[in-house]
Amino acid sequence: MIHILVVEDEPSLCQLLVNNLGFEGYSVEAVDDGVPALAAHGAHRADLIVLDLMLPQLDGFEVLRTLRDRKDEVPVLLLTARGEETDRVKGLSLGADDYLVKPFSVLELMARVKAILRRTRPVDRPPRLRSGPFQFNLPRLEARRDGRPLELTPREFRLLEILITHAGRTHSRKELLQLAWEPDARPSARTVDVHIANLRRKLGEELGAAWITTVGGEGYRWITPVEPEPSTQAGGWAERVD
Ligand code: CA
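Fair warning: this is a prediction, and the values are worked out from it, not measured in the lab.

Caption draft 1: Structural detail: the coordination of the calcium ion. Only Asp-9 (OD), Asp-52 (OD) and Met-54 (O) from the protein reach the calcium ion as donors, at distances of 2.1 to 2.3 Å. Between the donor residues of the calcium ion, the gaps in sequence give the motif D-x42-D-x1-M. Remark: Asp-52 occurs in strand E3 (residues 48-52) and Asp-9 occurs in the loop between strand E1 (3-7) and helix H1 (11-23); sequence separation between them is 43 residues. Asp-9 sits in the partly exposed class, given a relative accessible area of 32%. Classification of Asp-52 by relative accessible area gives buried; the value is 3%.

What follows is the structure, given as structure tokens:
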């Protein structure tokens, strides 16, 4: 299991990162300062560290410098304040793998985390899935039905990804809002319904409602079994090289 260490002293952002990374199936540990970060990484080595630069005592630069001085090449994704160009340059020159400028969207963070892990680790989860007539390429944010591409927005794909990677499980509107929208976006539960309606229509007017079921007043669920797609599958889809 991929283990991610989150170092962030802002409690609400920290919790958001922990929830989302945990939901993606990563093992997550969170600390709020540099010294506990180094201790936590020493005790349970992380596969990736999400590292805030501005921390109360030992800042992100010092954590990164300490790691690299120890020849520890653990991938590091820096979280930096808006407009601090020199911080980003300094972070990258110290050996950070990537950075995100606050405020960032959860979608963007998950994409960066996955990109870094793809570069640094073998694939742990099948990137291509199939379910009924649908095929999904998660890293590419692509979905097809009977081989034909579906024109999904990134948000629709994100909703779809949440549902298909947890097929059979019901997701409340609140849960979907938290997982697929930025923390400061504050859309209403109705927004989820609208996006799900659009997604159903794109999946197929006549069958879409059957793929994503509405569960009482609770939320939504993908009901069809989802399985990895064999990489040797014939056709242009599977022949594309990542
Ligand atoms: Ca901070």
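Caption draft 2: Local environment of the packing of helix H7 (residues 173-180) against helix H8 (residues 189-203). Running from N to C, H7 and H8 point in directions that differ by 80°, and their axes come no closer than 9 Å. Here H8 runs roughly perpendicular to H7, going by the angle between their axes. In this structure, H7 contributes Arg-173, Leu-176 and Leu-177 to the contact, and H8 contributes Ala-189, Val-192 and Asp-193. Among the residues making up the contact of H7 with H8, the classes are represented as 4 nonpolar, no polar and 2 charged.

Caption draft 3: Structural view of the sheet that holds strand E7 (residues 134-137). Spatially, 5 strands are ordered E9-E8-E7-E6-E13 in an open sheet, and the strand pairing comes out antiparallel. The sheet is open, and its two borders are formed by strand E9 (148-149) and strand E13 (227-228), each paired with just one other strand. As paired strands, E7 and strand E8 (residues 142-145) are joined by 4 bridges and run antiparallel to one another. Looking at the pairing, Phe-134 lines up with Arg-145 of E8.

Caption draft 4: Here's a closer look at the nonpolar core. Among the nonpolar cores identified, the biggest contains 27 residues, and Phe-136, Leu-160, Leu-203, Ile-212 and Trp-222 are the most heavily contacted of them. Where this core is concerned, the elements lending two or more residues are E7, helix H6 (154-164), H7, H8 and strand E12 (219-222). It is H6 that contributes the most residues to this core, 6 residues altogether. Once you skip the residues sitting within four places of it in the chain, Ile-212 turns out to touch Leu-163, Ile-196, Leu-199, Arg-200, Leu-203, Tyr-220, Arg-221 and Trp-222. In terms of nonpolar packing, the next biggest core, distinct from the first, is built from 21 residues, Val-50, Leu-100, Val-106 and Leu-109 among them.

Caption draft 5: Quick look at the packing of aromatic side chains. Scanning the entire structure with this criterion turns up 5 aromatic pairs. Between Trp-211 and Trp-222, the aromatic rings sit 6.1 Å apart at their centres with planes inclined by 20°, giving stacked as the arrangement. Residue Trp-211 is found in helix H9 (residues 208-211), and its partner Trp-222 is found in strand E12; the two are separated by 11 residues along the sequence. Connected via pairs of aromatic rings, a cluster forms that spans Phe-134, Phe-136, Trp-211 and Trp-222.

How each quantity is defined
- Residues numbered from 1 in each chain as written.
- Predicted model: local features only at pLDDT ≥ 70, side-chain atom pairs only at ≥ 80, totals over all residues.
- Heavy atoms only, no water.
- Donors = N, O, S within 2.8 Å, 3.2 Å for Na, K, Ca; no water.
- Helix = DSSP H or I, 4+ residues; strand = E, 2+ residues; numbered from the N terminus.
- Buried < 20%, exposed > 50% of the residue type's maximum accessible area, 1.4 Å probe, protein only.
- Axes fitted to C-alpha atoms, helices over the stretch in contact; angles between N-to-C directions.
- Parallel < 35°, antiparallel > 145°, perpendicular 65-115°, else oblique.
- Contact = heavy atoms within 4.5 Å.
- Nonpolar A, V, L, I, M, F, W, Y, C, P; charged D, E, K, R; others polar.
- Pairing = 2+ DSSP bridges.
- Core = buried A, V, L, I, M, F, W, Y, C linked by side-chain atoms within 4.5 Å.
- Phe/Tyr/Trp six-rings, centres within 6.5 Å; stacked < 30°, edge-to-face > 60°.

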